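Results of the structural survey
Listed here are the chains, written in short residue letters.
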Amino acid sequence: MRFLGHVVRFIVSALVLLVVGWIVPNFSIGGFWSALMLALVIALLGWIAEGIFGRKTTPFGRGIVGFLVSALVIWLAQFIVAGVSVSIIGAILAALVIGIIDLFLPVSTPFEAGK
């Protein structure tokens, strides 16, 4: 069931990224598959940042440093995923919108609640 939980998490993340692409200027995603790949790349880059700098400086951390790292991860991901175009301002706005959406709709699954 853990695998299914991760699949659901990436699908929800891709849908959130599509909404962000619709709301935020200078942030465009080519379609659902690009959004799904972008969610995967953002997760991998966040995991790498967490391994290097520790949890408090990752997109999953709190505060201004986590926010800026999140914006940097989003901006860097555009160079890996085809069909994604993000400016620096777009990445900052996207990190803000994703953070706000995550407050009301956290990206977690019922399968992970039992951990």
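Calculation rules
Residues numbered from 1 in each chain as written. Predicted model: local features only at pLDDT ≥ 70, side-chain atom pairs only at ≥ 80, totals over all residues. Heavy atoms only, no water. pLDDT = per-residue confidence, 0-100. Helix = DSSP H or I, 4+ residues; strand = E, 2+ residues; numbered from the N terminus. Contact = heavy atoms within 4.5 Å. Phe/Tyr/Trp six-rings, centres within 6.5 Å; stacked < 30°, edge-to-face > 60°. Buried < 20%, exposed > 50% of the residue type's maximum accessible area, 1.4 Å probe, protein only. Expected span 1.5 Å × (residues − 1). Patch = residues over 30% accessible without salt bridge, like charges linked within 9 Å, V, L, I, M, F, W, Y side chains within 5 Å. Areas by Shrake-Rupley, 256 points an atom, 1.4 Å probe, with all protein chains shown as cover. Salt bridge = Lys/Arg side-chain N within 4 Å of Asp/Glu carboxyl O.

In the nomenclature of an unreviewed UniProt entry, the protein chain corresponds to Phage holin family protein from the organism Paenibacillus sabinae T27.

1. What to know about the confidence of the model for the protein chain
Overall, the predicted model of the protein chain reaches an average pLDDT of 79, with 83% of residues at or above 70. Mean pLDDT across the secondary structure elements of the protein chain bottoms out at helix 5 (residues 110-113), with 40, and peaks at strand 2 (residues 84-86), with 93. Under a pLDDT of 50 for its full length, residues 108-115 has, in the predicted model, eleven contacts with residues more than four places off or in other chains.

2. Here we look at the packing of aromatic side chains
Applying the stated criterion across every chain, the model contains two aromatic pairs. Considering the side-chain rings of tryptophan 75 and phenylalanine 79, the 5.0 Å spacing of their centres and the 85° angle between planes classify their relative orientation as edge-to-face. By relative accessible area, which is 25% here, tryptophan 75 ends up partly exposed.

3. As for helix 2 (residues 32-53)
If you check helix 2, its first and last C-alpha atoms are 31 Å apart, about what 22 residues at 1.5 Å a residue would give, namely 32 Å. Residues of helix 2 that are buried: Ser34, Ala35, Leu38, Ala39, Val41, Ile42, Gly46 and Ala49. Turning to helix 2, the residues buried within the fold contact helix 1 (2-23), strand 1 (27-29), helix 3 (63-77) and strand 2. Phi turns positive, to about 100°, at glycine 54, one or two residues after helix 2.

4. A closer look at a nonpolar patch on the surface
Side chains of Ile88, Ile89, Ile92, Leu93, Leu96, Ile100, Leu103 and Phe104 sit close together on the surface and give an oily, nonpolar patch of about 790 Å² of accessible area. With respect to the helices and strands, isoleucine 100 occurs in helix 4 (residues 88-104).

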